[in-house]
Amino acid sequence: MKNKIRLFVFDFDGTALGGYFPYEEFPGPFVDFLDGLGKKGVKWATNTTWSPDAQYGLIVRSGVRSRPVFLSGQTGRQLATVKRGRVVHDEAYERGVIVRERIFWRKHWRELRRIGMELLRKGLVERLELNGVNQNIISFKSRKGRGDKVWRYFEGLLRSGEYYEWDPSHGEEGILLPRMMNKGGVLTEMQHRLGIGPENTMVAGDGTNDLHMFDKRRAHWMVCPANANRYVKQAVRKNHGVVAKGKYSWGIVEGIMKLMP
Ligand SMILES: [Mg+2]
């Protein structure tokens, strides 16, 4: 079964969703596409910021008849399955995430508090959050023209790989996510449970928080829509995936058709 797609994992916003009304539904062609995967022996799963419960509502509302093998939400923090029409969260997995986040916070809070005090004392930020939604998310808005100065304070944490940037363009607003909050770890978890490797996995996404999926060690098949950001497009090209001409889900279907006729 080498080099055959057996698992398809995709993002919601800007990938499966977008360019369609109502926004909170998959367009018809994408619904047909998902339902067609089963006939080819391909399982599908989600990997998005949406909660699994909201995702499932959307899937049902859109008229999808097939069911995902996994629903992942909150950028890898949640993992669920669908059993007899109901969303069942994997409580052990989700508890593990919370424990790891507490350990992470304990490791970093002193350094973050020091940075925060400095930024406030020097009047460099208009808004600053160091442990957003209790998930170690750093977010800030710098005072006008002070963006560069503020970013410098976070350089060490970025260089060490403890945090990564939501948007690497370094503007006056910044969001830094802790390294373990990413879509790559949960993808690996799904693969282990299914016994499906990177050579049989295809991923689709459009944003920087999808980059952990666009990694040859996790997926040998990848596609992004025309609206994907430049970092995603770079990663897809580097890994010989398809950057589609179409936007959103139309681009995804177009790209995948090229990979699997
Ligand atoms: Mg997206």
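What counts, and at which threshold
Residues numbered from 1 in each chain as written. Predicted model: local features only at pLDDT ≥ 70, side-chain atom pairs only at ≥ 80, totals over all residues. Heavy atoms only, no water. Axes fitted to C-alpha atoms, helices over the stretch in contact; angles between N-to-C directions. Helix = DSSP H or I, 4+ residues; strand = E, 2+ residues; numbered from the N terminus. Parallel < 35°, antiparallel > 145°, perpendicular 65-115°, else oblique. Left-handed = near helix turned anticlockwise from the far one by under 90°. Contact = heavy atoms within 4.5 Å. Nonpolar A, V, L, I, M, F, W, Y, C, P; charged D, E, K, R; others polar. Phe/Tyr/Trp six-rings, centres within 6.5 Å; stacked < 30°, edge-to-face > 60°. Buried < 20%, exposed > 50% of the residue type's maximum accessible area, 1.4 Å probe, protein only. Domains from an automatic or database assignment. Buried area = accessible area lost by both parts, 1.4 Å probe. Salt bridge = Lys/Arg side-chain N within 4 Å of Asp/Glu carboxyl O. Polar contact = N/O pair within 3.5 Å; in protein donor to acceptor, adjacent residues only side chain to side chain. Pairing = 2+ DSSP bridges.

## A look at the packing of helix α1 (residues 28–39) against helix α7 (residues 248–259)
Running from amino to carboxyl end, α1 crosses α7 at an angle of 40 degrees, the nearest separation of the two axes being 9 Å. For the element pair α1 / α7, the angle class is oblique. Crossing hand, α1 versus α7: left-handed. When α1 is examined against α7, the residues Pro29, Phe30 and Phe33 are found in contact with a partner set consisting of Ser249, Trp250, Ile252, Val253, Ile256 and Met257. Residue classes in the contact of α1 with α7 are distributed as eight nonpolar, one polar and no charged.

## Remarks on the packing of aromatic side chains
Applying the stated criterion across every chain yields a total of 14 aromatic pairs. Note on phenylalanine 140 and phenylalanine 154: the rings are 5.6 Å apart at their centroids and 10 degrees apart in plane angle, and the pair reads as stacked. With a gap of 14 residues between them, phenylalanine 140 in strand β7 (residues 137–142) and phenylalanine 154 in helix α4 (residues 147–159) connect regions that are remote in the sequence. Each member of the pair, phenylalanine 140 together with phenylalanine 154, is buried. Site record: aromatic cluster; members linked through ring pairs are Phe8, Phe10, Phe12, Phe26, Phe30, Phe33, Trp44 and Trp50.

## Brief notes about the domain arrangement of the protein chain
Domains assigned within the protein chain are domain 1 (7–76 + 182–259) and domain 2 (94–178). Here domain 1 and domain 2 have C-alpha centroids that lie 28 Å from each other. Counting from both sides, the interface comprises eight residues of domain 1 and, opposite them, eight residues of domain 2. Carbon and sulfur atoms supply 61% of the area that domain 1 and domain 2 bury against each other, a total of about 620 Å² over both sides. Interface area lost by domain 1 to domain 2 is led by Thr208, Asn209 and Tyr231, which between them contribute 54%. Counting the contacts that link domain 1 with domain 2 gives zero salt bridges. At the boundary of domain 1 and domain 2, one finds one residue pair in polar contact (both at pLDDT 80 or more). When the residues that make up the side of domain 1 that touches domain 2 are grouped by side-chain class, the tally is one nonpolar, seven polar and no charged.

## Some remarks on the pairing of β7
In terms of residue burial, β7 counts as a mostly covered element, since five of its six residues are buried. Relative to β7, strand β6 (residues 125–132) runs antiparallel, the two being bridged by five bridges. By the bridge assignment for β7, glutamate 129 is matched with serine 139. The pairing of β7 with strand β9 (residues 173–178) spans four bridges and is classified as antiparallel. Each residue of the ladder has a partner; that of phenylalanine 140, found in β9, is glycine 174.

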